[in-house]
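# A closer look at the structure
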Amino acid sequence: TSLLPRYALALAATAVAVLVRWLLDPWMGEAMPLVTLYGAVAFAVWRGGYAPAIASTVTGYAACNLLFMAPRGSLALGTAGDLFGLLLYLVTCSIVIGFGAATQAARRRAVEGQEALRASEQRLAVELAAVKRMQQVSARLVQASGMPELLREILEAAIEITGADMGNIQLVQDGRLRIASHRGFERSFLEHFGGGVHEGRAACGTAMASGRRVVV
């Protein structure tokens, strides 16, 4: 979530807390002027993290000081009791923010751990499927009636294991690589490489010249 919506939620929660305290003001007077702010701070840290919660702490105190603490209508700490109340308020909000931030971090680590576990399970499933497919190919190779069928089985297995959309097998014939089996390619591709591939022509020519696999 971007920063602006998180701050907007925190300030909205603070505004609601101040409004509730204002509605209670006829009964409470100047007693417990900050009582409704703790819920707003807790909500802010839960939804937005520690920074929006700090913003909620500061703006909430300023609003309640202005509206509900004597002398009303001015931002001031008139007595030692007001200063002690501010200190107690800051300590309590710090505890709320610290606990909320720690809980949020633990929840985030738990989600990341679950995602890593799912990814690991998916990789394992893919690897097991590949092993199973290779076993099937090995069994079919024994029964293959000829080279075309053999190459077709190998090609189908390679496409499935790698998750590809198409593939081809090329064999060296008369010093050139020629397509012996293919799936998924358009005629233009087959015609282009129909005459065979020699050294230096595309990745397959490089592989033939170097005797090593080439990964593109």
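Note that this is a predicted model, so its numbers are computed, not measured.

## Re the pairing of strand 1 (residues 167–173)
Relative to strand 2 (residues 176–183), strand 1 is paired through 7 bridges, and the arrangement is antiparallel. Residue pairing in the sheet places Ile-169 in a bridge with Ser-181 of strand 2. Counting the residues in the hairpin turn of strand 1 and strand 2 gives 2 residues, including Asp-174, whose phi is positive at 55°.

## Considerations on the nonpolar core
Residues Leu-34, Leu-37, Ala-53, Tyr-61, Cys-64 and Tyr-89 are the most contacted members of the largest nonpolar core, which totals 19 residues. Those elements that place two or more of their residues in this core are helix 1 (3–28), helix 2 (37–48), helix 3 (50–68) and helix 4 (80–143). Among the elements that take part in this core, helix 2 stands out by supplying 5 residues, more than any other.

## A look at the pattern of salt bridges
Applying the stated criterion across every chain, the model contains 2 salt bridges. Measuring nitrogen to oxygen at the nearest pair gives 3.2 Å for the salt bridge that ties Arg-21 to Asp-25. Of this pair, Arg-21 and Asp-25 both sit in helix 1, separated by 4 residues, roughly a single helical turn. Asp-25 shares its class with Arg-21; the two are buried. Here Arg-183 makes a salt bridge to Glu-156, at a shortest N to O gap of 2.6 Å. Placement of the pair is Arg-183 in strand 2 and Glu-156 in helix 5 (residues 147–162), with a sequence separation of 27 residues. The exposure class assigned to Arg-183 is partly exposed, which follows from its relative accessible area of 32%. On the accessibility criterion, Glu-156 (25% relative accessible area) is partly exposed.

## A closer look at the packing of aromatic side chains
In this description, an aromatic ring pair is defined by two values, namely the gap between the centres and the angle between the planes. By the definition in use, this model includes 4 aromatic pairs. Ring centres of Tyr-38 and Tyr-89 lie 5.7 Å apart, and the angle between their planes is 50°; on these two criteria the pair is classed as tilted. Placement of the pair is Tyr-38 in helix 2 and Tyr-89 in helix 4, with a sequence separation of 51 residues. Using a relative accessible area of 1% as the deciding quantity, one classes Tyr-89 as buried. Grouping aromatic residues by their ring pairs yields a cluster made of Tyr-38, Tyr-61 and Tyr-89. Positioned over the ring face of Phe-68 is Arg-21, at 4.7 Å from the centre of the ring. Its end group placed over the ring of Trp-46, Arg-47 keeps NZ or CZ at 5.5 Å from the ring centre.

## Digging into the confidence of the model for the protein chain
Mean pLDDT for the protein chain: 84, with 94% of residues reaching 70 or above. Averaged pLDDT values over the elements of the protein chain bottom out at 80 in helix 7 (residues 202–210) and peak at 90 in helix 1.

Conventions adopted
Residues numbered from 1 in each chain as written. Predicted model: local features only at pLDDT ≥ 70, side-chain atom pairs only at ≥ 80, totals over all residues. Heavy atoms only, no water. Pairing = 2+ DSSP bridges. Helix = DSSP H or I, 4+ residues; strand = E, 2+ residues; numbered from the N terminus. Core = buried A, V, L, I, M, F, W, Y, C linked by side-chain atoms within 4.5 Å. Buried < 20%, exposed > 50% of the residue type's maximum accessible area, 1.4 Å probe, protein only. Salt bridge = Lys/Arg side-chain N within 4 Å of Asp/Glu carboxyl O. Phe/Tyr/Trp six-rings, centres within 6.5 Å; stacked < 30°, edge-to-face > 60°. Lys NZ or Arg CZ within 6 Å of the ring centre and 35° of its normal. pLDDT = per-residue confidence, 0-100.

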